[in-house]
Each structure stands twice: as structure tokens, then as C-alpha cells.
Amino acid sequence: MSTDALLLDSTFRITAVNDVKYDRVARIFGERDDLKFSLDINSEIYPVFVDETVQLSIASTLNLDGSIVSKESAAAKGGWRDVGAAGEVTLADQYDYVVYGKMYRFEEGSGETM
């Protein structure tokens with residue numbers, strides 16, 4: 001896979017799981033030495049627990065060659081779940097749980113803190 005498509009690929013320790021607000025959805029919090037994250041997941045199909053380690057990757061595309069798919073060609077394929085339906089191998093095949101879409105909130109810090 002093109003290294004340009006992979007924006008983040010790291011192991012994090014889960015520090016907290018908040019599953020109080022919604023059924024089947026939990027907000028998980030994780031950290032490594034220099035980075036923290038929070039993410040909403042479907043905890044019914046992918047349960048995560050405090051002190052567990054998870055591999056978190058953020059990529060700009062699911063294509064292994066790093067090519068970006070236009071909105072028109074993605075719509076013609078029927079969405080991300082249909083991308084590998086014709087036997088095409090994608091980045092999603094390498095993970096147990098995949099979230100696909102736009103990040104709608106992130107916070108930047110100063111220096112090396114994002």
C-alpha cells in the first residue's frame with residue numbers, strides 16, 4: 001500500500017469506555033505516549049475494554065495502491081461496503097473493525113500535540 005494513503009498507524013491503550021448514553025455505541029478513549037484519541041464505535045459488534053490495546057489506522061483511501069476514488073465512481077459501486085464485493089482486496093480486509101467516512105472534529109494542540 002502507498003505510504004501516502006496511511007495517515008496514522010499506531011497502537012494505543014484504551015483508557016476509558018463510556019457506553020452510558022446510547023445502546024450498542026460506546027465512546028472509547030485511548031492514548032500512546034504522545035497522542036490521545038476518542039472514537040465512537042459499535043460496541044455490540046466490537047467490544048473494547050479498559051487497558052486493552054488496539055491498532056488504530058487512519059487512511060485517506062481504502063485502495064491498497066493509494067489511489068483516491070472519486071465521489072462519482074464510489075457512488076457507482078454502491079458505497080464502501082461494495083468496494084471489495086467483486087473480489088477486490090482493500091485496506092478494510094486487513095482489520096477487524098472499520099469506520100469509513102469523514103472526521104468531523106479534531107483538535108490541534110501546540111508543538112507536537114495534535
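Residues numbered from 1 in each chain as written. Predicted model: local features only at pLDDT ≥ 70, side-chain atom pairs only at ≥ 80, totals over all residues. Heavy atoms only, no water.

Engineer: Hey, could you run me through the overall build of the protein in this one?
Structural biologist: The number of helices and strands found in the protein is one helix and four strands. Traced from its N-terminal end to its C-terminal end, the protein shows the element sequence β-β-β-β-α. Burial analysis of the protein (114 residues in total) assigns 19% to the buried set. Excluding contacts between residues fewer than 6 apart, the proportion of contacts in the protein whose partners are at least 24 apart in sequence is 51%. For the protein, the exposed area adds up to about 8700 Å²; of that, 49% sits on carbon and sulfur atoms. (Helix = DSSP H or I, 4+ residues; strand = E, 2+ residues; numbered from the N terminus. Buried < 20%, exposed > 50% of the residue type's maximum accessible area, 1.4 Å probe, protein only. Contact = heavy atoms within 4.5 Å. Areas by Shrake-Rupley, 256 points an atom, 1.4 Å probe, with all protein chains shown as cover.)

Engineer: What is the right way to look at the pattern of salt bridges in this model?
Structural biologist: Any two side chains of opposite charge can pair if their charged atoms end up close together. A full pass over the atoms with the stated rule returns four salt bridges. In this structure, the salt-bridge partner of Arg-13 is Asp-51, at a minimum N-O distance of 2.9 Å. Here the residue Arg-13 occupies a position in strand β1 (residues 6-22), and Asp-51 occupies one in the loop between β3 (35-42) and β4 (53-59), the gap between them amounting to 38 residues. Its salt-bridge partner being Arg-27, residue Asp-40 comes within 2.6 Å of it at the nearest N-O pair. In this pair, Asp-40 sits in strand β3 while Arg-27 sits in strand β2 (residues 25-32), placing the two residues 13 residues apart along the sequence. (Salt bridge = Lys/Arg side-chain N within 4 Å of Asp/Glu carboxyl O.)

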